[in-house]
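Architecture at a glance
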Amino acid sequence: MIFGASGLLGQALMQEWKLDAVSGLTSRDADIRNAKRVLEVMRETKPDWIVLAAAYTDVDGCESNRDLAFAVNRDGAVNVAEAATQVGARLLFLSSDYVFDGKKSTPYEPDDPRNPQSVYGRTKAEAEIRLQELVPDCCVVRTSWLFGAGGKCFPDTILKQAAQRPTLDVVDDQRGSPTYVVDLARAIIQFCRGNAKGIVHTTNSGDCTWFEFAQEIVKDAGLTTTVRPISSEQMARPAPRPAYSVLSASRLKEYGIAMPNWRDALRRYLEQRQS
Ligand SMILES: NC(=O)c1ccc[n+]([C@@H]2O[C@H](COP(=O)([O-])OP(=O)(O)OC[C@H]3O[C@@H](n4cnc5c(N)ncnc54)[C@H](OP(=O)(O)O)[C@@H]3O)[C@@H](O)[C@H]2O)c1
């Protein structure tokens, strides 16, 4: 059972998950803030695994809608975890690189201390802690910088802007790993098949800044737009972002997973976008 089936990742999960019966839910089917409804849908379907990909993901919006952010991302996740325990289903929860403060300069390991800087990051960090208390064998998949078809994402925004402007200014002081939802969905399916437990970091391999990511997008799309590096200060946004949030892939080999490089993933996304 997938909560968040209409999201960027949820759509990829629905498409990639071929060999099992999968039930995908949107907020209309079950708002995760409604504990009673969440338990009801689980009792109807009796899933073996629950993938919780539903979240309030507008990182800047979370700063001004703090109550909603905690109600969905932390308390909603707790509702799902409690219901999962009641029906005896395993739980996989999607979390974020934004649980870290970005002060490291080498990849974050799963057991590095959390120190979120934004409201969104705090909602995810608190959800992780609550879920691990409630469901000790749950699997927490931290990922970052998602892109894919079927929703708003960074490459899509860059391509739309590049079609209209001769130059684009993009921040060059935040480093992370872009992640194609198709590759992440395939890894998640492997985790469920492999009975994964604990925190696993899962992103495309390699890292870049948003500026370097934008440069690659423009180049691969064959556009002539000039991409210029700027600092985060020059592009003030409500939520602070970590300067460095590369996640270590150290646990992926336990599940026989080697994530493709983000450049390769980007090319596949661009092909998918054109078809
Ligand atoms: N996007 C990123 O860069 C990124 C990075 C790191 C981690 N993550 C995490 O990865 C997961 C998937 O992200 P995404 O980008 O695929 O998300 P997304 O595209 O924003 O989709 C969010 C999904 O959550 C559902 N949802 C929102 N509020 C809900 C509620 N109250 N009750 C039930 N469902 C609700 C939405 O359903 P409706 O369509 O019905 O509203 C939608 O299916 C999330 O947990 C996110 O925090 C994302």
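Residue positions are counted from 1 within each chain, in the order its sequence is given. Residue-level local features of this predicted model are given only where pLDDT is at least 70; pairs of side-chain atoms are given and counted only at 80 or more, and the full residue set underlies all totals for whole chains, interfaces and linings. Hydrogens and water are ignored here; the side-chain numbers use all heavy atoms of the structure.

A few words on the site of the ligand. Proximity criterion: a residue is near a molecule or strand once any of its heavy atoms comes within 4 Å of it. Taken together, 26 residues are adjacent to the ligand, and Ser-6, Leu-9, Ser-27, Thr-57 and Tyr-120 come closest. In protein, a polar contact means a hydrogen-donor-capable atom and an acceptor-capable atom, both N or O and within 3.5 Å, with residues adjacent in sequence counting only if both atoms are side-chain atoms; elsewhere, any N or O pair within 3.5 Å suffices. Residue Leu-8 places a main-chain N or O atom 2.9 Å away from an oxygen atom belonging to the ligand. Between the ligand and Ala-55, the relevant distance is 3.2 Å, taken from an oxygen atom to a main-chain nitrogen or oxygen of the residue. Its free accessible area being 910 Å², the ligand has 80% of it covered by the protein chains. Think of it this way: any DSSP run of H or I at least four residues long counts as a helix, any run of E at least two long counts as a strand, and we number them from the N terminus. Breaking the shell around the ligand down by element, the ones donating at least two residues are helix 1 (8–16), strand 4 (90–96) and helix 5 (119–134). Here the shell around the ligand gets three residues from one element, more than from any other, and that element is strand 4. Each accessible area is a Shrake-Rupley estimate made with a 1.4 Å probe; only the visible protein chains count as cover when residues are assessed.

On to the side chain of Thr-225. Following the sequence through the fold, Thr-225 ends up in the loop between helix 8 (210–220) and strand 12 (226–230). Whether a residue is buried, partly exposed or exposed follows from its accessible area with a 1.4 Å probe, protein chains only, as a fraction of its type maximum: under 20%, in between, or over 50%, in that order. Assessed through its relative accessible area of 10%, Thr-225 is described here as buried. At 3.1 Å, the side chain of Thr-225 forms a polar contact with the backbone oxygen of Ala-162. Residue contacts are counted whenever heavy atoms from the two residues lie within 4.5 Å of one another. In this structure Thr-225 touches Ala-162, Arg-165, Pro-166, Thr-167, Leu-168 and Val-218, once residues within four positions along its chain are discounted.

What follows deals with the layout of surface pockets. Its boundaries defined by the atoms lining it, the second largest pocket holds a volume of some 310 Å³. Using protein atoms alone on a 1 Å grid, points that fit a 1.4 Å probe yet trap it form a cavity, whereas open point sets bounded by protein on both sides within 12 Å along at least five of seven lines form a pocket; residues with an atom within 4 Å of a point count as lining. As for the second largest pocket, its lining consists of 16 residues, and the residues nearest its centre are Met-1, Asp-20, Ala-21, Asp-48 and Trp-49. Among the elements that line the lining of the second largest pocket, the one with the most residues is helix 7 (residues 181–193), at three residues. In this classification, Asp, Glu, Lys and Arg are treated as charged, Ala, Val, Leu, Ile, Met, Phe, Trp, Tyr, Cys and Pro as nonpolar, and every other residue, Gly included, as polar. Classifying every residue of the lining of the second largest pocket gives ten nonpolar, two polar and four charged. Grid points are joined across faces, edges and corners, and a volume is the space filled by probe spheres set on the points.

On to the packing of helix 8 against helix 9 (residues 262–274), then. In this analysis, axes come from line fits to C-alpha atoms, helices being fitted only over the stretch in contact, and the angle between any two N-to-C directions falls in the range 0 to 180 degrees. In contact at an axis separation of 11 Å, helix 8 and helix 9 are set at 45 degrees when each is read in the N-to-C sense. Looking at the two axes, helix 8 sits oblique to helix 9. The element helix 8 and its partner helix 9 pack so that their crossing is right-handed. Each of Glu-212, Phe-213, Glu-216, Ile-217 and Asp-220 in helix 8 lies in contact with helix 9, whose residues at this interface are Trp-262, Arg-263, Leu-266, Arg-267 and Leu-270. Tallied by class, the residues present in the contact of helix 8 with helix 9 amount to five nonpolar, no polar and five charged. In these notes the angle categories are as follows: under 35 degrees is roughly parallel, over 145 is roughly antiparallel, 65 to 115 is roughly perpendicular, and the rest is oblique. By convention the crossing between two helices is left-handed if the near helix lies anticlockwise of the far one by an angle smaller than a right angle, and right-handed if it lies clockwise.

Pairs were defined over the aromatic rings of Phe, Tyr and Trp, the Trp ring being its six-membered one, requiring ring centres within 6.5 Å. Orientation was assigned from the angle between planes: stacked under 30 degrees, edge-to-face over 60, tilted for the rest. Per the counting criterion, the structure on display carries 13 aromatic pairs. Between the aromatic rings of Phe-213 and Trp-262, the centroid separation amounts to 5.5 Å while the plane-to-plane angle is 85 degrees, which identifies the pairing as edge-to-face. Residue Phe-213 is found in helix 8, and its partner Trp-262 is found in helix 9; the two are separated by 49 residues along the sequence. A relative accessible area of 1% means that Phe-213 is categorised as buried.

What follows covers the sheet that holds strand 2 (residues 24–25). By the convention used here, strands pair only if DSSP detects at least 2 bridges between them. What the six strands build is an open sheet, ordered 2-1-3-4-5-10; its pairing is parallel. Looking along the sheet, the strands with just one partner apiece sit at the ends: strand 2 and strand 10 (198–201). Two strands pair when backbone bridges link them, and strand 5 (residues 139–143) and strand 10 are joined in this way by four bridges, in the parallel orientation. Along strand 10, the bridge assignment pairs Val-140 with Ile-199.

Right, let's talk about the side chain of Arg-241 for a bit. Mapped onto the elements of the fold, Arg-241 is located in the loop between strand 12 and helix 9. A polar contact of 2.7 Å, which involves the side chain of Arg-241, links it to the side chain of Asp-60. Polar side-chain contacts of Arg-241 include one of 2.9 Å to the backbone oxygen of Ala-239. Ignoring sequence-local partners within four residues, the contact set of Arg-241 consists of Val-59, Asp-60, Tyr-98 and Gln-174.

The salt bridge criterion pairs a side-chain nitrogen of Lys or Arg with a carboxyl oxygen of Asp or Glu, the two atoms within 4 Å. Inspection of every chain in the model, using the stated rule, returns 25 salt bridges. As a salt-bridge pair, Arg-237 and Asp-60 come within 3.2 Å of each other at their nearest N and O atoms. With Arg-237 in the loop between strand 12 and helix 9 and Asp-60 in helix 3 (residues 59–64), this residue pair connects regions lying 177 residues apart in the sequence. Asp-60 sits in the buried class, given a relative accessible area of 15%. Ionic pairing is found between Asp-112 and Lys-104, a salt bridge with its closest N-O pair at 2.7 Å. Each of Glu-216, Lys-219, Asp-220, Arg-263 and Arg-267 takes part in salt bridges that share partners, so that together they form one network.

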